[in-house]
Amino acid sequence: MNQVSKCSLLVFYSFIFFTNISFVNAQTVPVGLHSLDDALRELQLQGKLDAKYSLAARPFFVDGGITTDSLYALIDSSHLSRVIRTRLFNGAGVMEVLPLSVSSQFNSHHPYGWNQAGFIQAKGFQSMVSAGICTAIGPLSIQFKPEYVYAANPDFDHANGYGAPTSGSYKRLLPGQSSIRLNAGVASLGLSSENLWWGPGIFNSLLMSNNAPGFWHLTLNSRRPLQTGIGNFEWQLIAGKLTEDTSVLLENKNLTATYYNPQTYGGEGYSGPYDLKQKWRYLNGLTISYNPKWVKGLFLGLNRVGYAYQDNIANSGLDFFHKYLPTLFGGFRQNYAYGNDTASHTIRYKQIVSFSMRFLFPGSHTECYAEYGLHDNAYNLRDFALDPQYASAYTLGFKKLMPLKRQRWLDLTAELTKLSQPTDYLVRTAGYWYAYQGGYTNQSRIIGAGFGMGSNMQTLQLTHISGFNQWGLLLQCIQHDPVPANAGLPLASLGLRATKWSDVSLGIKLQHKWNSFLLNLQVQGVSSANYTWQPANNTFNFYGLANLVYLW
């Protein structure tokens with residue numbers, strides 16, 4: 001990039017941040033917050049929340065005419081209590097108390113459950129407490145919402161290829177959903193540990209979800225859609241730090257190890273000496289959502305990340321932009337090689353990309369969505385054209401709200417996510433999603449879809465909604481890693497597992513509000529056939545999740 005281009009970028013960013021500065025609301029709606037985050041899509045389909053928001057890059061910013069009080073009122077018009085909010089500095093600033101949340105999870109036989117930031121993959125009981133405040137003074141906003149987690153983490157039944165002895169009880173104080181930002185116009189620049197959700201999926205996201213604890217990252221993002229002559233744009237550009245927790249079994253190693261060997265590309269074995277806690281990874285990510293002016297309700301998205309060990313980047317000899325912002329440049333491997341190809345390249349970025357679509361039909365209270373991703377970037381355009389399905393995964397889903405009497409709704413949601421290798425593994429093995437170059441994890445938990453390495457999942461949910469009060473049925477099926485990473489070798493074996501491990505779970509969900517208390521319950525019975533791929537090893541697991549929120 002030449003000096004003129006660099007100067008142009010600086011002028012552009014300066015224009016964004018230092019014009020139209022005004023008082024703003026302080027907080028975001030954290031990803032996974034039961035009382036609000038889960039309700040945003042329902043409000044859109046009910047016609048209560050503007051369809052201009054893609055909801056494909058969360059957390060959602062409480063900004064402009066939207067306040068926490070107004071969101072509560074949209075969910076349930078009978079909710080009249082006001083959020084505790086205090087004016088500061090003669091009205092120049094504001095401070096608000098955030099909801100208190102207490103969550104607990106229990107598994108009777110083996111680890112099950114995902115998208116619960118802070119929780120680990122464990123048998124037995126675990127619990128998390130989170131609370132905080134937020135404040136805004138002019139363009140400056142600060143949100144402090146730490147999380148404390150405890151897990152009993154006893155040993156569970158395991159076998160070769162899945163599971164290992166645990167290290168006992170787990171206790172952590174995490175920064176949680178905290179941030180400090182400068183806000184101006186449609187943009188926000190800041191430092192955050194908040195969980196991110198990229199893409200249109202409801203139960204899974206290929207690139208960013210709240211399955212792992214939030215990681216510290218610098219962020220430049222939109223707070224609301226940027227309106228242009230061709231449509232609306234939303235974006236987020238991040239630079240973050242990923243670390244391991246060597247007391248936790250690695251999700252991207254099928255819970256078989258507590259560390260990832262930084263000396264080998266696949267992380268196998270241990271040949272030290274390395275301080276694994278200091279061997280951190282740098283991540284650069286970019287998401288862009290576009291709503292064409294001519295098609296209301298259609299959102300097209302691009303999500304891209306690149307990550308590598310920080311010492312590989314620091315010693316690469318490249319300029320600043322190519323070192324730390326690889327998602328802004330060429331997407332083919334010939335531009336950013338990784339693995340052990342050090343003879344002709346000096347940087348080892350592992351890249352993941354996905355393309356997404358969400359289409360809203362507010363008149364019929366319906367949406368459909370899809371995300372298609374590649375975890376091993378092609379060498380060049382010819383390589384991609386010859387084998388576009390190589391290293392691919394996808395999510396497909398829809399949501400339909402059916403109006404009932406007295407402001408009640410029936411919600412039918414279905415989603416399918418496929419992470420297993422496509423059929424071209426017979427000639428070109430792609431390996432696992434999230435498994436290389438230090439692993440696409442934070443604190444040893446997968447940042448994307450966390451239901452299992454190389455697995456496939458189907459979900460069907462039917463929910464009755466009456467304001468804050470909900471009850472419903474949930475059916476989920478998981479096929480665990482049917483095509484292992486080395487499936488193409490040897491070719492004669494066809495690479496498929498002789499024994500299939502499948503989970504079928506049926507559960508109920510309940511949400512009920514009493515005054516300022518909001519209780520969420522989810523109970524599932526999980527029947528596992530051939531658990532850990534052992535023939536006739538059939539087990540039953542009771543999974544329970546409870547969340548109590550106090551709305552100040």
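Rules used throughout
- Residues numbered from 1 in each chain as written.
- Predicted model: local features only at pLDDT ≥ 70, side-chain atom pairs only at ≥ 80, totals over all residues.
- Heavy atoms only, no water.
- Helix = DSSP H or I, 4+ residues; strand = E, 2+ residues; numbered from the N terminus.
- Buried < 20%, exposed > 50% of the residue type's maximum accessible area, 1.4 Å probe, protein only.
- Contact = heavy atoms within 4.5 Å.
- pLDDT = per-residue confidence, 0-100.
- 1 Å grid on protein atoms, 1.4 Å probe; cavity = no way out; pocket = protein on both sides within 12 Å on 5 of 7 lines; lining within 4 Å.
- Points joined across faces, edges and corners; volume = space filled by probe spheres on them.
- Nonpolar A, V, L, I, M, F, W, Y, C, P; charged D, E, K, R; others polar.
- Salt bridge = Lys/Arg side-chain N within 4 Å of Asp/Glu carboxyl O.
- Core = buried A, V, L, I, M, F, W, Y, C linked by side-chain atoms within 4.5 Å.
- Arc of directions from axis to C-beta.
- Phe/Tyr/Trp six-rings, centres within 6.5 Å; stacked < 30°, edge-to-face > 60°.
- Lys NZ or Arg CZ within 6 Å of the ring centre and 35° of its normal.

Visitor: Give me the overall build of the protein chain: which residues, what numbers.
Guide: Helices and strands together make up the secondary structure of the protein chain, namely six helices and 28 strands. Taken over 552 residues, the protein chain has a buried fraction of 57%. In the protein chain, 65% of the contacts between residues at least 6 apart in sequence involve partners at least 24 apart.

Visitor: Explain the confidence of the model for the protein chain residue by residue, including any values.
Guide: On average, residues of the protein chain score 86 in pLDDT, and 89% of them are at 70 or above. In this model residues 1-24 is a low-confidence stretch, pLDDT under 50, and it forms 32 contacts with partners more than four residues away in sequence or in other chains. Here residues 339-344 scores under 50 on pLDDT; set against residues more than four positions off or in separate chains, the count is five contacts.

Visitor: Can you lay out empty space enclosed by the protein for me, pointing to particular residues and giving the numbers?
Guide: Leftover empty space is mapped by rolling, across the atoms, a probe with the size of a water molecule. By the definition in use, this model includes 14 cavities of 30 Å³ or more. Together, 49 residues line the largest cavity, and Gly 32, His 34, Asp 38, Gln 116 and Lys 509 are the ones closest to its centre. Broken down by class, the residue content of the lining of the largest cavity amounts to 17 nonpolar, 22 polar and 10 charged. Of the voids in this model, the second largest cavity is the one considered here, and its volume is about 240 Å³. Gln 121, Tyr 162, Phe 451, Gly 452 and His 480 are, among the 22 residues lining the second largest cavity, the residues nearest its centre. Listed by contribution, the elements that provide at least two residues to the lining of the second largest cavity are strand E25 (469-480) and strand E26 (501-514). Per-class residue counts for the lining of the second largest cavity are 11 nonpolar, eight polar and three charged.

Visitor: Tell me about the pattern of salt bridges, and name the residues and values.
Guide: Counting across every chain of the model gives 11 salt bridges. In this structure, the salt-bridge partner of Lys 399 is Asp 411, at a minimum N-O distance of 2.6 Å. Within this pair, whereas Lys 399 is found in strand E20 (residues 392-403), its partner Asp 411 is found in strand E21 (residues 409-418), the two being separated by 12 residues in sequence. Taking relative accessible area as the criterion, Lys 399 reaches 5% and is therefore assigned buried. Put simply, Arg 497 and Asp 481 hold a salt bridge, and the shortest N to O gap is 2.7 Å. Remark: Asp 481 occurs in the loop between E25 and E26 and Arg 497 occurs in the loop between E25 and E26; sequence separation between them is 16 residues. The exposure class assigned to Arg 497 is partly exposed, which follows from its relative accessible area of 22%. Several salt bridges converge on common partners, so that one network encompasses Arg 41, Arg 358 and Glu 367.

Visitor: Break down the nonpolar core for me, with residues and values.
Guide: Residues Met 208, Leu 283, Ile 352, Tyr 434 and Tyr 440 are the most contacted members of the largest nonpolar core, which totals 46 residues. Every element with two or more residues in this core is listed here: strand E8 (147-151), strand E9 (170-174), strand E15 (231-242), strand E17 (298-309) and strand E28 (539-550). Take this core: its biggest share by element is three residues, from E17. Beyond its immediate sequence surroundings of up to four residues, Met 208 is in contact with Leu 196, Trp 197, Trp 198, Phe 215, Ile 238, Leu 283, Val 305, Tyr 440, Ile 447 and Gly 448. Core analysis: the second largest hydrophobic core is formed by 20 residues, Leu 43, Phe 60, Ile 66 and Leu 518 among them.

Visitor: Report on helix H3 (residues 68-75), specifying residues and quantitative values.
Guide: An α-helical segment advances 3.6 residues per turn. Residues three or four places apart therefore align on the same side. Residues of H3 that are buried include every one of Thr 68, Asp 69, Leu 71, Tyr 72 and Ile 75, and no others. Along the long axis of H3, the arc covered by the buried residues comes to 165°, so they all point the same way. Each element contacted by the buried residues of H3 is listed here: strand E1 (28-29), helix H2 (40-45), strand E4 (85-88) and strand E5 (93-107).

Visitor: Residue-level account of unusual backbone geometry, with values.
Guide: Glycine aside, residues mostly have negative phi, and peptide bonds are mostly found in the trans state. For Gln 407, which is not glycine, the phi torsion reads 60° and is therefore positive. Its location among the elements puts Gln 407 in the loop between E20 and E21. Given the relative accessible area of 62%, Gln 407 is considered exposed. Its identity as a non-glycine residue notwithstanding, Ala 536 has a phi of 65°, on the positive side.

Visitor: Go over the packing of aromatic side chains with me, naming the residues and quoting the values.
Guide: Within this structure, the stated rule accounts for 20 aromatic pairs. Ring geometry for Phe 320 against Phe 321: centres 5.6 Å apart, planes inclined by 85°, an arrangement best described as edge-to-face. Since its relative accessible area comes to 53%, Phe 320 is described here as exposed. The buried category is assigned to Phe 321, whose relative accessible area is 17%. Taking 5.2 Å as the distance between ring centres and 85° as the angle between the ring planes, the aromatic pair formed by Trp 501 and Tyr 531 counts as edge-to-face. Of this pair, Trp 501 sits in strand E26 while Tyr 531 sits in the loop between strand E27 (517-529) and E28; the two residues are 30 residues apart in sequence, bridging distant segments of the chain. The same class applies to Trp 501 as to Tyr 531, namely buried. These aromatic residues form a ring-pair network of at least three members: Tyr 112, Trp 114, Phe 451 and Tyr 543. Arg 41 extends its terminal NZ or CZ atom over the ring of Tyr 369, reaching a point 5.3 Å from the ring centre.

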